[in-house]
Amino acid sequence: MFNRDRWKEILEVLTSNWFRTVLTAFGVFWGIFILIILLAAGKGLENGINQDFGDIATNTMFMWTRRTTKPYQGLPKDRSFEFKREDVQTIRDNVPNLRFISPRNQLGGFSSGGNNVVRGLNAGAYNVYGDYPEIINQDPMTVTSGRFINYNDINEKRKVAIIGQGVKNDLYDKGEEVLGTYIKIQGVNFLVVGTYKKNSSDGGEEAQKEIFVPFTSFSQAFNYGEDVGWMAITAEDGHSISVLKEKIIDVMRKKHKVHPEDNRAIGHFDLYEQYNRVESLFAGMRWIAIIVGTFVLLSGIIGVSNIMLIVVKERTKEIGIRRALGEHPWSIKKQVILESIFLTIISGMAGIIFGALFIYAVNALLANVGPVDMFMNPSVSVRVVATALLVLVVSGLLAGFIPAQSAIRVRPIEALRNE
Amino acid sequence: MIEIKDLHKSYKMGSNSLHVLKGLNFSIKEGELVAIMGSSGSGKSTLLNILGMLDEADSGEYMLDGVPIKNLTETKAAQYRNKFLGFIFQSFNLINYKNALENVALPLYYQRMPRKERQEKAMKYLEQVGLKEWAHHLPNELSGGQKQRVAIARAMAAEPKVLLADELTGALDSTTSYEIMELIQRINDQGNTILVVTHEDDIAHMCKRIVYLKDGVIEKDEKIKQVRASAYVQ
C-alpha cells in the first residue's frame, strides 16, 4: 500500500485535472467544515449556559413551606407552618446519600425593598442570609479577604458578616479597610470578617450584593427562633437529587402533619432537573449538528464517487492496456479505492483544519470583545476529530467502491478495440 | 509453442449469432515469425484476442508452451498474460502520463520486481530499440515510430514466450513501418517467437510464414522466403 509507484500514480491521476479535483474535494471539505462548525457552535452555547449556571452544585434542590391545601389529622387547610432547625436532623436520619443540608434564612430580597443595612452615612438594600458554613459548597464563592462563616460562629452565635464585592463598593470608600469594621443590619451591629466574590455571571450585580451571617446569630438577632426559611439540599455524587427529593418531602410532610397527597404545601426547585433539561437540549442540538453535518458530508462523498466513476470511464482504455500487460484486477480496484480515500482524506483534513482555524478566529474575537451572553469558548474535542477522520476513511472507501467495481468490469478486449 | 486445435468462436448479435472462427488448426514453433493475413471480417482479430487470452474460444483447444489455456479466472489470465505474452498494438497504447521508461517497466511492476531492478531492465530494452536518450520523455513527445518502438520494448520487457502484434504498422508511414519491421526481424533473429496480424502484403512478406484466413477458416498456410526489411532502410 505504501509503495512509491502507487502513490506517484495517485498523485498523477488526481493532479491531471486540477480544477475537477478541487471541485470534488470541496464537497467533502464543506461537509466536514460544516460539521465541525456546528458541533463547535453547540459546544460554545453549552459552555455559555454552563457558565451561567456557575459553580452552583447542580445536584441540588431548594425547599420551602407554603400553606397547606388539604385538611389533615384534625388540622384545617390553609394552615401555614415553618420548617424548624431540628428538621435537618430528621431528614439526615431518614434519607441517606445526602451530602449537604443547609437551612437558610433571609432578610431583604423577596420580602422587603427598603434599605436594611447602614454603615455610617451609607446605606443600602441587600439580601442578608443566615447560613451554615456548608453553604459555600452549594453556592460557591471565592472568599477574597478574611474568612467565611465557621462552626465557632454558629455555636457562639457571633455577630459576624461576610459581605459581597458589591456591598463593599457601596458602603466603603475605595481603599478603605473592610475587615474589622461594623455594619448595622436592621439596627444590629455585625463585625465584617470577610469579603467574597461570586464567579457566576448569572444574576450579575445582584450576586455580589449579598451578606452572609451565621444562621444562629441571624435567628437570635432578628427573632426567628427555630424557624427555617428554606433549605438547600445537595445529594452525594452518583445519587440524583431528583430521585431523593420525593423521600425528603415525604419525611417533611409526616413531620409537619401535612396530608400525604398535599403537593402544594411544600414548594421546591430542583436545580438538577433544570440542569438536565438544558443538558438534554444540548444533546438534541449535538444530534442535529451531527445529522446535518453527516448529510452535507454524504453529498460530498457522492460527489467523490461520481467523479471517480467518470475517471474510471475516462481511463477505460488505460485500464484495458494495464490488464493486457497483466495487471491483477485487484490491483486496479485497490488503485481506484486508494485514489478515492486519498482525495476524501485530504479534503476532509483541509475541512478540519479550516474549521479549527475558524473556531480559533471566533475565540480570538470573543476574547477581544469580551464575554458574550450564553456563548463561550466554542470548541470540538479531539475525539470528534478522530471520529471524523475515521468516518472520512470509511466514506472514501465507500465512495471508491462502486467506481472500483466498474473499473474491474472493464474487459481488455473492449478497451483495446480500435476505433 | 502455440498449439491450436479445432477452435470455434461465435458472437451473439441480438437474436442471430455470427460464427467467426470455424474450426482452426495450426501450430507455431519456437523462434517462428508468423504473419496472419486476411481481409477485415476474416476473424484474424478474434483469433489474436483468443491467443492473447483477452477473449475465450467457445470450443477447441489452445495450448501455450504446453499449458492448456481454458477457463481462466481473471487473476490467472492476468498472470499468464504477464508471463507468456507481449502485446504490440496498432495504436501503440502507451500510458500517456508515464514516460517511456515507466511504460516499459510497467509489466515488470506487475511482477512486483523491485523498482531499481525494474528500471535497469527497462532501460536495457529501451536501449535495444534505440531510444535510450528518450527514456524520460512522455509518449506525446515521441513520433509514431518511436512510440511503437517503446511499445515493442514494453512487450519484450517481461521476456514473454510469444509477442503478439496487431497491425503494428497500421498507423505508420511505410518508411517507419519498414524500420519497425526491421526491429521485429532483429528480435526474431534473437530467437523470439512473434505473431503478426496484418493485412498489408509487404509486411506479411517480411515474416517467415504466412497464414491466410478467410471467413473463419485457414485458406492457406505457407512458409515463405523472408524479405529483409533492412533492404528498405537506409
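Enquirer: Whenever I open this one, the overall build of chain A confuses me. Can you help?
Expert: Each helix and strand in chain A was counted, giving 13 helices and 14 strands. A buried classification covers 36% of the 419 residues belonging to chain A. Sequence separation of at least 24 residues holds for 82% of the intrachain contacts in chain A that already meet a minimum separation of 6.

Enquirer: What exactly am I supposed to notice about unusual backbone geometry here?
Expert: Non-glycine residue A:Lys257 carries a positive phi angle of around 55 degrees. As for its placement among the helices and strands, A:Lys257 is situated in the loop between α8 (241-255) and β14 (266-270).

Enquirer: Looking at this structure, I do not really get the pairing of strand β11 (residues 210-214) of chain A. What am I missing?
Expert: Within a regular beta strand, the side chains point alternately toward one face of the sheet and then the other, so they alternate between its two faces. Residue and element names in this part refer to chain A. Of all 5 residues in β11, 5 are buried, a share of seventy percent or more. Strand direction decides the pairing type here: strand β6 (residues 127-131) and β11, joined by 5 bridges, are parallel. Directly across from glycine 130, in β11, lies its bridge partner valine 213. Pairing between strand β8 (residues 160-164) and β11: 2 bridges, direction antiparallel. Directly across from isoleucine 162, in β11, lies its bridge partner phenylalanine 212.

Enquirer: Help me understand the nonpolar core, please; the structure alone is not making it clear to me.
Expert: Soluble, globular proteins show a tendency: their nonpolar side chains are buried together. Counting 79 residues, the largest nonpolar core has B:Val104, B:Leu195 and B:Val196 as the members making the most contacts within it. Residue contributions to this core peak at 8 residues, all from helix α3 (residues 100-110) of chain B. With 47 residues, the next largest nonpolar core counts A:Ile162, A:Ile163, A:Val193 and A:Ile241 among its residues.

Enquirer: Even after reading the chapter, I still don't get α8(A), so can you show me in this structure?
Expert: In an α-helix, one turn spans 3.6 residues; hence positions three or four apart end up facing the same way. Residue and element names in this part refer to chain A. Spanning 15 residues, α8 covers 20 Å between terminal C-alpha atoms, matching the ideal 21 Å at 1.5 Å per step. When we look at burial in α8, the residues that qualify are Ile241, Leu244, Lys245, Ile248, Ile249 and Met252. Within α8, the buried residues cover an arc of 145 degrees as seen down the axis, which keeps them to one side. More than 90 degrees from the buried face of α8, the exposed residues found are Val243, Glu246 and Lys254. Those residues of α8 hidden inside the fold are in contact with β1 (60-65), α3 (87-94), β3 (98-107), β13 (230-235), β14 and α9 (271-314).

Enquirer: Explain the interface of chain A and chain B to me, please; I cannot follow it from the model alone.
Expert: By a widely used convention, the size of an interface equals the accessible area lost when the partners come together. The partner chain B presents 21 residues to the 17 residues of chain A that form the contact. Listed by contribution, the elements that provide at least two residues to the side of chain A that touches chain B are α1 (4-15), α10 (316-324) and α13 (412-416) of chain A. If you tally residues by element for the side of chain A that touches chain B, the top one is α10(A), at 4 residues.

Enquirer: Which parts of the structure should I look at to understand the sheet that holds strand β10 (residues 217-223) of chain B?
Expert: Residues and elements named next belong to chain B. Sheet architecture is open: 6 strands sit in the order β6-β7-β8-β3-β9-β10, paired in mixed fashion. Of all strands in the sheet, those bounded by a partner on one side alone are β6 (85-88) and β10. The average undirected angle you get between the axes of adjacent strands in this sheet is 15 degrees. Relative to strand β8 (residues 193-198), strand β7 (residues 162-166) runs parallel, the two sharing 5 bridges. Along β8, the bridge assignment pairs valine 162 with threonine 193.

Enquirer: I'm lost on the environment of B:Pro68 in this one. Help?
Expert: Residue and element names in this part refer to chain B. Along the polypeptide, proline 68 turns up in strand β5 (residues 67-68). Exposure remark for proline 68: the 11 C-beta atoms within 10 Å place this residue in the exposed category. With 65 residues separating them in the primary sequence, proline 68 and glutamate 3 have C-alpha atoms 9.3 Å apart.

Analysis parameters
The residue numbers shown here count from 1 along each chain, following its written sequence. Chain letters start at A and ligand numbers start at 1, both assigned in the order the entries are written. Given that this is a predicted model, residues contribute local features only at a pLDDT of at least 70 and side-chain atom pairs are listed and counted only at 80 or more, while totals for whole chains, interfaces and linings are drawn from all residues. Helix numbering and strand numbering both begin at the N terminus, where a helix is a DSSP run of H or I of at least 4 residues and a strand a DSSP run of E of at least 2. Backbone-placed C-beta atoms define the burial measure: a residue is buried with 20 or more other C-beta atoms within 10 Å of its own, exposed with 12 or fewer, and partly exposed in between. Two residues qualify as a contact pair if the distance between their C-beta atoms, derived from the backbone, is within 7 Å. Strand pairing is defined by DSSP finding a minimum of two bridges between the two strands. Core membership is restricted to buried Ala, Val, Leu, Ile, Met, Phe, Trp, Tyr and Cys residues, and these are joined into a nonpolar core through C-beta atoms within 7 Å. For a helix, the expected span equals 1.5 Å multiplied by the number of residues minus one. Relevant arc is that of directions from the helix axis to the C-beta atoms, nothing else. For helices, the fitted line uses only the C-alpha atoms of the stretch in contact; every axis is such a line through C-alpha atoms, and the angle between N-to-C directions lies from 0 to 180 degrees.

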